[in-house]
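For reference, the chains in residue letters:
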Amino acid sequence: MEQMNYVITEEEMIYRTPEEIDHHVAKNLSKELDMLIEAYHVKTLVFDFQDTSFMDSSGIGVIMGRYRMVYLLGGEVWAVHANERMKKILTMSGVTKIIQIYEEEEA
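The text that follows walks through the structure, step by step, so that each part is easy to find. Treat the numbers as computed from the prediction; the structure is a model and nothing was measured. (Residues numbered from 1 in each chain as written. Predicted model: local features only at pLDDT ≥ 70, side-chain atom pairs only at ≥ 80, totals over all residues. Heavy atoms only, no water.)

With that settled, consider the environment of Tyr 67. One can find Tyr 67 in helix α2 (residues 57-72). Judged by relative accessible area, Tyr 67 falls into the buried class, the value being 17%. For Tyr 67 and Thr 44, which are 23 residues apart along the polypeptide, the C-alpha to C-alpha distance reads 9.6 Å. With residues up to four places along the chain from it excluded, the contact list for Tyr 67 reads Val 77, Ile 98 and Ile 99. (Helix = DSSP H or I, 4+ residues; strand = E, 2+ residues; numbered from the N terminus. Buried < 20%, exposed > 50% of the residue type's maximum accessible area, 1.4 Å probe, protein only. Contact = heavy atoms within 4.5 Å.)

Next up, the structure:
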């Protein structure tokens, strides 16, 4: 049994993305996220990239598709714990124009 990759509160769903998001992973990831967003009426979706070191264009598609879904519900999408490589991918793809990357304050 796989571990749960998400935490849902009244305000948001935090989804911990896998180590790699490629075309093999993207289809199932999209299905799972769609099901969770619909089931829990998610208004704020937070992608937690803490474990993610690789993402290709299909991963960008996962984010864009979920953004459209949440946006239509009046919500928003955030990204957290993105390393420099992930930030570069998100910026170069234009995703940062529609989602916020939340930077944690250094202690």
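So, on to the sheet that holds strand β1 (residues 6-8). Strands sit in the order β1-β2-β4-β6-β7 across an open sheet of five strands; the sheet is mixed. Taken across any chain shown, the strands that pair with only one partner, and hence form the sheet edges, are β1 and β7 (100-102). Neighbouring strand axes in the sheet, compared pairwise and without regard to direction, differ in orientation by 20 degrees on average. With three bridges joining them, β1 and strand β2 (residues 13-16) adopt antiparallel strand pairing. Note that in β2 the partner of Ile 8 across the bridge is Met 13. (Pairing = 2+ DSSP bridges. Axes fitted to C-alpha atoms, helices over the stretch in contact; angles between N-to-C directions.)

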